[in-house]
Amino acid sequence: MASYRTLRDLDWPLLTITLALCSLGVLQVYSATRDTVWRDAWWKQIIYVVAGFIVLWLTTKIDYHAVLSQVPALYGLSIAGLIAVYVFGVMAFGSRRWIPMPGGFHLQVSEFVKLVIILLVARYLTELKSERVEARDLLILGGLVGFPMLLVMKQPDLGTALTYAPALAVGVFLAGLRWQYIVAIVVLCALVVPLAWHFVLKDYQKERLISFADPDRDPRGSGYQVIQSQIAVGSGGVWGKGVTRGYQTQLRFLPVPHTDFIFSAFAEEHGFVGVVVVLGLYFLLLMQIVQNAQAAPDRAGMFICMGVAALLLFHVLVNAGMVVGRMPVTGIPLPLMSAGGSNTLSMFMMLGLVNNVRLRRFVS
Amino acid sequence: MTVRDDLSEVERELVRERLNLWLVGVGGIVALLLMRFWILQVVQFETWTFFARDNQVRKVVVPAMRGNIFDRNHQLLADWRQSYNVTVVPGDVTDEALFRLAEILGMVPEDLRWRMLKNQAWSRFVPVLVAEDISWEELARVEENRLSLPGVDTEIRPVRKYYRDSGLFSHVLGYLGEITREELDDEKYKSRGYRMGDWVGRAGVERMLEDKLRGQDGVSFRLVDARGRQFSADYLGERFESAIYHDKIRELEEMSRMPRPGYSAVLTLDLRLQAAAAREMGDHFGSVVAVDPHTGEILALYSAPVYDPAVFIGGDKAERRAALENPDKPLYNRAIQGIYPPGSIYKIIMAAAGLETGTITPKTRVSCGGSFTFGKVRFGCWKHSGHGAMTVETAIMQSCDVFFYNVGNRLGIDKLAEYSKMCGLGEKSGIDLPHEKEGLVPSQEWKMRTFRQKWYAGETISVAIGQGALTVTPLQLARAIGGIASGGVWHRPHLVRERRDPERARRAELNLDNVNKVVYGMWGVVNEGGGTGGRARLVGFDVCGKTGTAQVASLEAAKGRSHLKDNAWFIGFAPKQSPEIVVVAYWEGGEHGYAAAPVVRDVIKAYFDKKARNAQPPPVLARPPVLLPKPAADIPAPAPPAVLREASTPAGGIQREP
């Protein structure tokens, strides 16, 4: 059985790109936090990345088919974990997302639920009776994904909750969802948004959305982050100001320059050239994942890979969009670059799943 | 678990198609993001760089010193002193430091903390002013304890200082006031760069020369972080090894601009004459004006009671209010704002008008029997027994009312008005002080316009001796009589040195014989046995003069204030020919004109004493005109902040003092 699980068969281009992105991330975390209370973040991030590669390796060990068979259990565990956040979770920045762990770490359950969602979607779509996704499947799957989404939204953490949607969307899209349904969903969303505005969103979330639409309205308040981020990016110019020389970052005009706004800090210090490199690396990474999806031995493998791709794309789009003032501030980190243990590890697990699929492509 | 590995051809096709669509979507998204970054970082680079600088740089205003004010002999009347203030950075200061600071400043620690919190800006790292104008000793103790006072800093600001703080010059110099919110909204102030906390001249020379005295504030730029914390050398040393911050600070230094001090003003006033006037006035209310009729230069301008202009700068609210609400109206400049009937001094203008029009001649005699009857009304002379036969000369000398009743009656009100206006009555003299009053010269047209009534010839009779509706300011009177005595040239009175501008003088071709007659009369007033102004006599000098009494009692009695006494006027000039100085004194409650005569005498004496001392003409005429820019060299700049030390090229092309 072990014959197809050699190191040589791992997706080395993918791992190289990942390492490159992580290195740029660590460098930027270091540069952005060296005089702040977060000055330890860069070496912690190194530990997370190393741990990430180990986790990735471990993830490839168990056949993804075996993992898929445990989806109901994993799903139940996720729901239980999310409920546990309510019970044991600690408040930070006005929301309850983290469960304190021994050793001073904090576990963000919702990050790992992303994985379960990807697996759930893959499993469900693999077991379809019909050739295409029907309305009934859509409802069931929507309900299954929607429940944890709702739990996370209640933390409240709208950003992470929304990251559950892309895997579902891409999954049903590839599973042959009819165009009529797609149009219907878009229309439905257009109808739901105003309702959600009134009944679901918290005031601070509305604030963020308003300030996203019109940052100048309250430059010292919610719009502040959006404006400061754009100033940082714009003043970076073509070549950037150099490592540790971005005044917006160094003089702390930029909020959380090592997590959510790491891309502004990067864009300020490395300029447009740096941005092209990073976005290029993400594009290559996506291509690599899609290639693995195409080469997957079965539908399940393909759905897993595409779920990961969808999630990665969503993160990059929303985070980079936020940094340049084209997306609301939702607290979504830039995958592989933003400092943080939970999001780094869950991302590596997903890449592990991709490799898992890859390693089994010649079987069957 | 059933895993469907057997993809049908249809399914494969569908997946391939959708995957391609998805890839197109990914490409589109990445392209859109790149486009956005391109716009921000390449197209709009300059804009965002501007914002970035705006963010990180705090502009600090370095206040300019207000120009000094000197008297004509370059005696200092007003300059500035340094006011030491204490600032605290709430984010850096410790409880211990606050306690210690309070101890040094003699404050209650809680008060100090409250003051700090009350004035706190948007960030805890922006310095807050907690104590103003501390003593030198307190400053020294703060500096001594610098190391145990983290977050505490001192700053120096220039503050106006007035000399002769008895208030001797208060009405001339005026005072300063802090600019108000309304004024800041006004385009007039905004366009000239006024800011909150600036001082503005509110009265006197301070107000009239505001633009010249003010100078131009300098600016320096400080590098601050997002919380407004300023970068100082130690802050840098501890945190940044990188030289780029030093480069940045050097760049900011180059953008900084030193303040340009205001121009100094040299006034025409003479400290000694002013002091003589004040000494003679003593505790009495009133005013004294001394003018050089050749030029219009004002040698003394004193109004009593005085106030202390420093109250408006350093004083507390209660003191300020006391000055504003005092029933004696100390802020009121009686020399240019007080309007009074000229009383008998008006007889000089009457005499000149009578002689010039030919209504009377030097030979004309009028017999004074103690009264003059017009229609059914009897107008008495102040000397009830009558003066007997009077010529114009003796009538001036003895201030005979009946003589001038006759002159006035023959001239008619409109001729009186014409000659009064010729002498500058009824209009502003144009002195370079604010709030001057015009007084009133009645005429037929004036009465019709104001009361819709005809002028009665009988009214002319009272005007003829300077009573009735006629009112003047002391300054107007000095100018009018000085102009007649110097043969018909009325210069614009002024306080600030200027080029002599003969064009602006009012001239009339007066017959010198007539002028001499009037002057002889006035000489007699002081120097002849029967004159009313003998107290103004000055041995060795030909002082000419005229007494006057402004009858306020008769006007005010109706209001139940009969305790008020008549006010005394005296005007004098010297020498007889081509007078160099005209002095008018108005003494509230002096009752008789002769009471004010010694004031005039002493001011004239002070003038000639000084002239005797410096045999050569006063430096006035030899000196370049008006406002001399104060040489920058002798201005100790108020401790230029460290970042300015090396400033070399000013930004914005504004010329800076070397």
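About the cut-offs
Residues numbered from 1 in each chain as written. Chains lettered and ligands numbered in written order. Predicted model: local features only at pLDDT ≥ 70, side-chain atom pairs only at ≥ 80, totals over all residues. Helix = DSSP H or I, 4+ residues; strand = E, 2+ residues; numbered from the N terminus. Buried ≥ 20, exposed ≤ 12 C-beta atoms within 10 Å, placed from the backbone. Contact = placed C-beta atoms within 7 Å. pLDDT = per-residue confidence, 0-100. Core = buried A, V, L, I, M, F, W, Y, C linked by C-beta atoms within 7 Å. Domains from an automatic or database assignment. Pairing = 2+ DSSP bridges. Axes fitted to C-alpha atoms, helices over the stretch in contact; angles between N-to-C directions. Nonpolar A, V, L, I, M, F, W, Y, C, P; charged D, E, K, R; others polar. Parallel < 35°, antiparallel > 145°, perpendicular 65-115°, else oblique. Left-handed = near helix turned anticlockwise from the far one by under 90°.

**Regarding the overall build of chain B**
Piece 1. A tally of helices and strands in chain B yields 26 helices and 20 strands.
Piece 2. Across the 658 residues in chain B, those meeting the buried criterion constitute 42%.
Piece 3. In chain B, the share of contacts with a sequence separation of at least 24, taken over all contacts with a separation of at least 6, comes to 75%.

**As for the overall build of chain A**
Piece 1. Regarding its fold elements, chain A presents 15 helices and three strands.
Piece 2. Split into buried and exposed, the 364 residues of chain A put 52% on the buried side.
Piece 3. Sequence separation of at least 24 residues holds for 71% of the intrachain contacts in chain A that already meet a minimum separation of 6.

**Details of the confidence of the model for chain B**
Regions with low pLDDT should not have their predicted coordinates read in detail.
Residues and elements named next belong to chain B.
Piece 1. In the predicted model, chain B carries a mean pLDDT of 82, and 85% of its residues have values of at least 70.
Piece 2. The low-confidence segment residues 233–243, where pLDDT is below 50, has five contacts with residues more than four positions distant or belonging to other chains.
Piece 3. For the stretch residues 553–562, pLDDT sits under 50, and the model shows seven contacts to residues farther than four places along the chain or on other chains.
Piece 4. Here the prediction assigns the complex a pTM of 0.63, and the interface score ipTM is 0.90.

**Quick notes on the nonpolar core**
Piece 1. Among the nonpolar cores identified, the biggest contains 119 residues, and V288(B), V289(B), A290(B), A300(B), A596(B), V600(B) and V603(B) are the most heavily contacted of them.
Piece 2. No other element matches helix α16 (residues 346–357) of chain B, which puts eight residues into this core.
Piece 3. Residues lining this core come from more than one domain, with at least three contributed by each of domain 1 (59–266) and domain 2 (271–615) of chain B.
Piece 4. Among all residues touching V603(B), those that are not within four sequence positions of it are L273(B), A276(B), A277(B), V288(B), A290(B), A300(B) and V583(B).
Piece 5. Of all hydrophobic cores here, the second largest spans 116 residues; its members include Y64(A), A296(A), F303(A) and C305(A).

**Quick look at the sheet that holds strand β20 (residues 581–587) of chain B**
All names here are of chain B.
Piece 1. Reading across the sheet, the five strands line up as β11-β10-β20-β19-β18 and stay open at both edges, with antiparallel pairing between neighbours. On the outer flanks of this sheet lie β11 (297–304) and β18 (544–550), each paired with one strand and no other. Averaged over all pairs of adjacent strands, the angle between strand axes in this sheet comes to 10°, irrespective of strand direction.
Piece 2. In this structure, strand β10 (residues 286–292) lies alongside β11, joined through seven bridges in antiparallel fashion. By the bridge assignment, V288 is partnered in β11 with Y302.
Piece 3. Docked against the sheet, helix α13 (residues 271–281) engages β10 and β11, running at close to 30° with respect to β11.

**With respect to the environment of L495(B)**
All names here are of chain B.
Piece 1. Following the sequence through the fold, L495 ends up in the loop between β16 (489–490) and β17 (506–507).
Piece 2. Overall, the presence of 25 C-beta atoms within 10 Å leaves L495 in the buried class.
Piece 3. On a C-alpha basis, the gap between L495 and L267 in space is 5.3 Å, while along the polypeptide they are 228 residues apart.
Piece 4. When near neighbours in sequence (up to four residues on either side) are disregarded, L495 contacts V172, V205, L267, T268, L269, I298, I431, D432 and L433.

**Here we look at the interface of chain B and chain A**
Piece 1. Facing 40 residues of chain B, the contacting portion of chain A comprises 46 residues.
Piece 2. Where the side of chain B that touches chain A is concerned, the elements lending two or more residues are α1 (9–43) and α2 (45–56) of chain B.
Piece 3. Here the side of chain B that touches chain A is built from residues that sort into 24 nonpolar, eight polar and eight charged.

**Details of unusual backbone geometry**
All names here are of chain B.
Piece 1. P305 follows A304 through a cis peptide bond whose omega is 5°.
Piece 2. Among the secondary structure elements, P305 is positioned in the loop between β11 and α14 (317–325).
Piece 3. Following A574, the chain continues into P575 via a peptide bond in cis, with omega recorded as -10°.
Piece 4. Take P575: it is sitting in the loop between β19 (567–574) and β20.
Piece 5. One non-glycine residue, K329, lies in positive phi territory at about 50°.
Piece 6. For K329, the location among the structural elements is in the loop between α14 and α15 (334–337).

**Examining the packing of helix α2 (residues 41–61) of chain A against helix α15 (residues 341–359) of chain A**
Residues and elements named next belong to chain A.
Piece 1. Where α2 contacts α15, the axes come no closer than 7 Å and their chain directions differ by 30°. Considering their axes alone, α2 and α15 lie roughly parallel with respect to each other. Considering how the two elements wind past one another, α2 and α15 form a crossing that is right-handed. Together, Y48, V49, A51, G52, F53, V55, L56, T59 and T60 of α2 and G341, T344, L345, F348, M349, L351, G352, L353, N355, N356 and L359 of α15 make up the contact between the two elements.
Piece 2. For the contact of α2 with α15, the per-class residue count stands at twelve nonpolar, eight polar and no charged.

**A word on the pairing of strand β13 (residues 371–374) of chain B**
Piece 1. Note that β13(B) and strand β14 (residues 377–380) of chain B share four bridges and pair antiparallel. Counted as the bridge partner of S371(B) is G380(B) from β14(B).

**Some points on helix α21 (residues 457–464) of chain B**
All names here are of chain B.
Piece 1. Taken together, the buried positions of α21 are T460, I461, S462, V463 and A464.
Piece 2. Against α16, β13, β14, α18 (401–411) and α19 (413–422) lie the buried residues of α21.
Piece 3. Immediately downstream of α21, the backbone of G466 shows phi near 80°, a positive value.

**Side note on the packing of helix α5 (residues 109–126) of chain A against helix α14 (residues 299–323) of chain A**
The description of two packed helices rests on the angle between their axes and on the distance between the axes.
Residue and element names in this part refer to chain A.
Piece 1. Running from amino to carboxyl end, α5 crosses α14 at an angle of 145°, the nearest separation of the two axes being 8 Å. Pair α5 / α14 crosses with right-handed handedness. Each of K114, I118, L119, V121, A122, R123, L125 and T126 in α5 lies in contact with α14, whose residues at this interface are R299, A300, F303, I304, G307, V308 and L311.
Piece 2. Classifying every residue of the contact of α5 with α14 gives ten nonpolar, two polar and three charged.

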